[in-house]
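# Secondary and tertiary structure notes
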Amino acid sequence: MPVTVLVVDADPRSSGDWEALLSDQGYDVIAARTGEAALTLCTSVRPDVVLLCDLLPDMHGLEVCRRLKADPRNRLTPIILHAATADFSDAARAVGAGADDFWSHAPTPWEALSRLHSLLQMKTYIDEQAESVLLSLAQSIEARDPFGGSHGTRVSNNAVRFGKSLGLGWNDIDALRIGGLFHDIGKIGIPEAILYKAGPLNPEESKIVMEHPIVGEQICAPLKSLRHALPLIRHHHERLDGRGYPDGLQGEQIPVTIRALQIVDICDALTSDRSYRQNLPLPSALMILYEEADRGWLDGDLVSQFASLVVGSEGSIALGNRRGLGSPEMANWGASDPARRLSRSGA
Ligand SMILES: [Fe+2]
């Protein structure tokens, strides 16, 4: 993955010098002339490092630094603050604003590249450590599951298998791998009394459960290596008809990777024991997926392709033809807890 540097400098000549130097070294460089532009670009482009001049037309570099670091998504992004004026030499203020390095004078090109490289090495190390902590967190969620756990690992493996069968590219396959592992990491904040409650959830409890995609996205957002999977983590409970959560996305707003992950996720949840029901046999689970597609919740073509993958094309056709006939499992599905059926919180 190429390293992207955001150069924030109001002076076109100074900015051009930095852009030329960094581009020569193989970095992807984007430029911003104002603090507001830097704040916007950081959110949309997610650079690996920010080279920030203190003298900007709309706000001081310290303010930009403070605001960038206040956003959890940028907390691990290194910011180098460099002084354009002779009177700004307060390194303590720069550190207080969250800067990772402060240049009180213009460094030589060699010195600048060397310090930039060191910061990026440190960032890579921190990312690796943070990713392993998140993996442990995801595993701890599964380990406390009294009904066997390993849901995320199975979803990850099966989503990759499904994605490959669909002919998706490497980036999408990796998003499915990561999304499968971490899609429910936001459940870390849900009390076990709610997560493993045997009876129906009350509206307040349902609200807490339905926050887990947003919490999960916030937990994973600072890590660059997880960035391409963030939409899968946030949107794995959306529905094609717009009645899902948290954002009510509909139709084409939901990419194929998310549609595929949803199907794998729901199938695994249905075929696993839960506190409020026993596991269903695979054919019954597939019929529920077909039923959810008929209701406009899931992508029907993808459900058929998934069924073909797991039970073969003949089995898939037979199940597809039987949908709507009302097997006992389907008739009872979610009947004891409409909120859970609605939110598919078992997934
Ligand atoms: Fe979930």
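Residues numbered from 1 in each chain as written. Predicted model: local features only at pLDDT ≥ 70, side-chain atom pairs only at ≥ 80, totals over all residues. Heavy atoms only, no water.

## Thoughts on the side chain of glutamine 262
Relative to the assigned elements, glutamine 262 resides in helix α12 (residues 256-270). A polar side-chain atom of glutamine 262 sits 2.6 Å from the main-chain carbonyl oxygen of glutamate 238. (Helix = DSSP H or I, 4+ residues; strand = E, 2+ residues; numbered from the N terminus. Polar contact = N/O pair within 3.5 Å; in protein donor to acceptor, adjacent residues only side chain to side chain.)

## What about the pattern of salt bridges?
Under the defined criterion, the tally for this structure stands at 17 salt bridges. Ionic pairing is found between aspartate 71 and arginine 73, a salt bridge with its closest N-O pair at 2.9 Å. Judged by relative accessible area, arginine 73 falls into the partly exposed class, the value being 33%. Aspartate 247 is the partner of arginine 234 in a salt bridge, and the nearest nitrogen-oxygen pair spans 2.7 Å. Note that arginine 234 is positioned in helix α11 (residues 230-235) and aspartate 247 in the loop between α11 and α12, a separation of 13 residues in sequence. (Salt bridge = Lys/Arg side-chain N within 4 Å of Asp/Glu carboxyl O. Buried < 20%, exposed > 50% of the residue type's maximum accessible area, 1.4 Å probe, protein only.)

## Here's the deal with the coordination of the iron ion
For the iron ion, the protein coordination sphere consists of Asp184 (OD), His212 (NE2), His236 (NE2) and His237 (NE2), at 2.1 to 2.3 Å. Coordination at the iron ion comes from four donor atoms whose angles at the metal span 85 to 176 degrees, giving a geometry best classed as irregular. Between the donor residues of the iron ion, the gaps in sequence give the motif D-x27-H-x23-H-H. Residue histidine 212 is located in helix α10 (residues 212-220), and its partner histidine 237 is located in the loop between α11 and α12; the two are separated by 25 residues in the primary sequence. The same class applies to histidine 212 and to histidine 237, which are both buried. (Donors = N, O, S within 2.8 Å, 3.2 Å for Na, K, Ca; no water. Tetrahedral: all angles 85-135°; square planar, octahedral: opposite > 155°, others 65-115°.)

## A closer look at the packing of helix α1 (residues 12-24) against helix α5 (residues 109-143)
Where α1 meets α5, the axes come as close as 11 Å, and the angle between the chain directions of the two elements is 65 degrees. Crossing of α1 over α5 shows right-handed handedness. Of the residues in α5, those in contact with Trp18, Leu21 and Leu22 of α1 are Pro109, Ala112, Leu113 and Leu116. Looking at side-chain class alone, the contact of α1 with α5 contains seven nonpolar, no polar and no charged residues. (Axes fitted to C-alpha atoms, helices over the stretch in contact; angles between N-to-C directions. Left-handed = near helix turned anticlockwise from the far one by under 90°. Contact = heavy atoms within 4.5 Å. Nonpolar A, V, L, I, M, F, W, Y, C, P; charged D, E, K, R; others polar.)

## So, the packing of aromatic side chains
By the definition in use, this model includes two aromatic pairs. Relative to tryptophan 103, the ring of tryptophan 18 lies with its centre 5.8 Å away and its plane at 40 degrees, an arrangement referred to as tilted. Of this pair, tryptophan 18 sits in helix α1 while tryptophan 103 sits in strand β5 (residues 101-103), and the two are 85 residues apart along the sequence. Look at phenylalanine 162 and phenylalanine 306: their rings are 5.1 Å apart centre to centre, the planes differ by 65 degrees, and that puts the pair in the edge-to-face class. Linking phenylalanine 162 in helix α6 (residues 151-165) with phenylalanine 306 in helix α14 (residues 300-322), this pair joins segments that are 144 residues apart in sequence. Comparing phenylalanine 162 with phenylalanine 306, the two get one shared label, buried. The ring of tryptophan 297 has arginine 239 sitting right over it, with the charged end atom 3.7 Å from the ring centre. Above the face of the tryptophan 297 ring, arginine 295 is positioned so that its terminal group lies 5.3 Å from the ring centre. (Phe/Tyr/Trp six-rings, centres within 6.5 Å; stacked < 30°, edge-to-face > 60°. Lys NZ or Arg CZ within 6 Å of the ring centre and 35° of its normal.)

## Thoughts on the nonpolar core
One finds Ile263, Leu286, Leu289, Leu298, Val303 and Phe306 to be the most contacted residues of the largest nonpolar core, which totals 35 residues. Elements with a minimum of two residues in this core: α6, α7 (170-182), α12, α13 (282-294) and α14. Counting residues per element, this core draws most heavily on α12, which supplies eight residues. Contacts of phenylalanine 306, omitting those with residues within four sequence positions, involve Phe162, Ile263, Val264, Cys267, Leu286 and Leu289. Within the second largest apolar cluster, 21 residues are counted, among which are Leu62, Val64, Ile79 and Phe102. (Core = buried A, V, L, I, M, F, W, Y, C linked by side-chain atoms within 4.5 Å.)

## So, helix α3 (residues 61-70)
Buried within α3 are the following residues: Gly61, Leu62, Val64, Cys65, Leu68 and Lys69. Looking down the long axis of α3, one finds its buried residues gathered within 160 degrees of arc, a one-sided arrangement. Next to the buried residues of α3 lie α2 (35-45), β3 (49-53), β4 (79-82) and α4 (91-96). (Arc of directions from axis to C-beta.)

## Focus on unusual backbone geometry
Between tyrosine 245 and the following residue, proline 246, the backbone shows a cis peptide bond with an omega angle of 10 degrees. Looking at where proline 246 falls in the secondary structure, it is placed in the loop between α11 and α12. Although it is not a glycine, arginine 46 sits at a positive phi angle of roughly 55 degrees. Within the element layout of this structure, arginine 46 appears in the loop between α2 and β3. For arginine 46, a relative accessible area of 11% gives the class buried.

## Here's the deal with the environment of glycine 98
By secondary structure assignment, the location of glycine 98 is in the loop between α4 and β5. By relative accessible area, glycine 98 is classed as partly exposed at 24%. Considered as a pair, glycine 98 and leucine 249 are 151 residues apart in the sequence and their alpha carbons are 35 Å apart. Aside from chain neighbours lying at most four places away, what touches glycine 98 is Cys65 and Lys69.

## Digging into α1
In a regular helix each residue adds 1.5 Å, so 13 residues correspond to 18 Å; α1 covers 18 Å between its end C-alpha atoms and thus fits that length. Residues of α1 that are buried include every one of Ser15, Trp18, Leu21 and Leu22, and no others. Angular distribution of buried residues about the axis of α1 spans 130 degrees; they occupy a single face of the element. The exposed set on the far side of α1, more than 90 degrees from its buried face, consists of Pro12, Arg13, Asp17 and Asp24. Residues of α1 that are buried sit in contact with β1 (4-8), β2 (28-32), β3, β4, β5 and α5. (Expected span 1.5 Å × (residues − 1).)

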